[in-house]
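# Architecture and fold: a report
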Amino acid sequence: MQIFIKSIISKDELQKKINELGVMITNRYKNSKNHMILIGLLRGSFIFIADLCRVIHVHHEIDFMTISSYDSGMKPSGDVKILKDLECDVLNKHVLIVEDIIDSGQTLSKVLEILSIRNPKSLSVCTLLDKPERREVNIKVDYVGFSIPDYFVVGYGIDYIQSYRYLPYIGKVIIKK
Ligand SMILES: O=P(O)(O)OC[C@H]1O[C@H](OP(=O)(O)OP(=O)(O)O)[C@H](O)[C@@H]1O
Ligand SMILES: Nc1nc2[nH]cnc2c(=O)[nH]1
Ligand SMILES: [Mg+2]
């Protein structure tokens, strides 16, 4: 079996889109009196949130949750697990969840359910990638970098069996038997 990675979104396209998201998010929150917090879902969002937070020109905190739904490989386990909870309190804060990719929507749906009962001032979602045709649950996504077809992708934080997260671009996984 051979694995090939075909680039579908280049490093420059990613940076351009992240700058655009930064402008939109800054404009949305810049006049608000409440604190803002970015919540990255580990591990997939670690590179995206690092770049995104530097183009959001509003004071904010950053915290992380670890959620896992894909045990290994390409199939979801069907069981969304919270492996690490937040350390910050979100009460009365503007919460922006930062995700690398939304596929079935199960991960995000669970996170939204958990955070909404902690009474944030607002609760919004920013994802770099979205695969709308794979959605199993209905969720509202406020900021989307790129909508992509039903490809299994890696790079820029996103893995295949924990590898390829380091790639500076987004690539489609092609498996040849
Ligand atoms: O919309 P869904 O079908 O729930 O899939 C999306 C989630 O799957 C991946 O995370 P994964 O559980 O593989 O862990 P990781 O972030 O550590 O890579 C990805 O980072 C999203 O968090
Ligand atoms: N690596 C990876 N993880 C995912 N989790 C949900 N969709 C995907 C995907 O396309 N690639
Ligand atoms: Mg993830």
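Parameters at a glance
Residues numbered from 1 in each chain as written. Chains lettered and ligands numbered in written order. Predicted model: local features only at pLDDT ≥ 70, side-chain atom pairs only at ≥ 80, totals over all residues. Near = placed C-beta within 6 Å. Nonpolar A, V, L, I, M, F, W, Y, C, P; charged D, E, K, R; others polar. Buried ≥ 20, exposed ≤ 12 C-beta atoms within 10 Å, placed from the backbone. Helix = DSSP H or I, 4+ residues; strand = E, 2+ residues; numbered from the N terminus. Contact = placed C-beta atoms within 7 Å. Pairing = 2+ DSSP bridges. Axes fitted to C-alpha atoms, helices over the stretch in contact; angles between N-to-C directions. Core = buried A, V, L, I, M, F, W, Y, C linked by C-beta atoms within 7 Å. Right-handed = clockwise from strand over helix to strand, strands pointing away.

Residues in close proximity to ligand 2 total nine residues, the closest being Ile-101, Asp-103, Phe-152, Val-153 and Ile-158. Considered class by class, the residues forming the shell around ligand 2 number seven nonpolar, no polar and two charged.

Of the positions making up helix 2 (residues 46-53), those classed as buried are Ile-47, Phe-48, Ile-49 and Leu-52. Structurally, helix 2 contributes buried residues whose contacts are with helix 1 (11-29), strand 2 (36-42), strand 3 (61-68), strand 5 (94-102) and strand 6 (122-130).

With that settled, consider the sheet that holds strand 6. On the basis of which strands lie adjacent, the open sheet formed by six strands has the order 4-3-2-5-6-7 and mixed pairing. Because the sheet does not close on itself, it has two edges, and the strands there are strand 4 (81-84) and strand 7 (143-147). Across the sheet, the axes of successive neighbouring strands diverge by a mean angle of 25°, strand direction being ignored.

Quick look at the nonpolar core now. Of all hydrophobic cores here, the largest spans 36 residues; its most connected members are Phe-48, Val-95, Leu-96, Ile-97 and Val-98. Elements represented by at least two residues in this core include exactly helix 1, strand 2, helix 2, strand 5, helix 3 (106-116), strand 6 and strand 8 (153-154). Top contributing element to this core by residue count: strand 5, with six residues. If we ignore the near neighbours within four places in the chain, the residues touching Val-98 are Leu-38, Ile-39, Gly-40, Ser-45, Phe-48, Ile-49, Leu-52 and Cys-126.

Further remarks concern the pairing of strand 2. Most of strand 2 is tucked away: six of the seven residues are buried. Bridge count for strand 2 against strand 5 is five bridges, and the pairing is parallel. Note on strand 5: the bridge partner recorded for Met-36 is His-94. One crossover worth recording links strand 2 to the parallel strand 3 by way of helix 2, and it is right-handed.

Glancing now at the sheet that holds strand 1 (residues 2-9). Here three strands make up an open sheet; going across it, the order is 1-9-8 and the pairing antiparallel. Edge strands, defined here as strands with exactly one partner in the open sheet, are strand 1 and strand 8. Two elements, strand 8 and strand 9 (residues 170-176), share two bridges in a ladder whose sense is antiparallel. Counted as the bridge partner of Val-154 is Gly-171 from strand 9.

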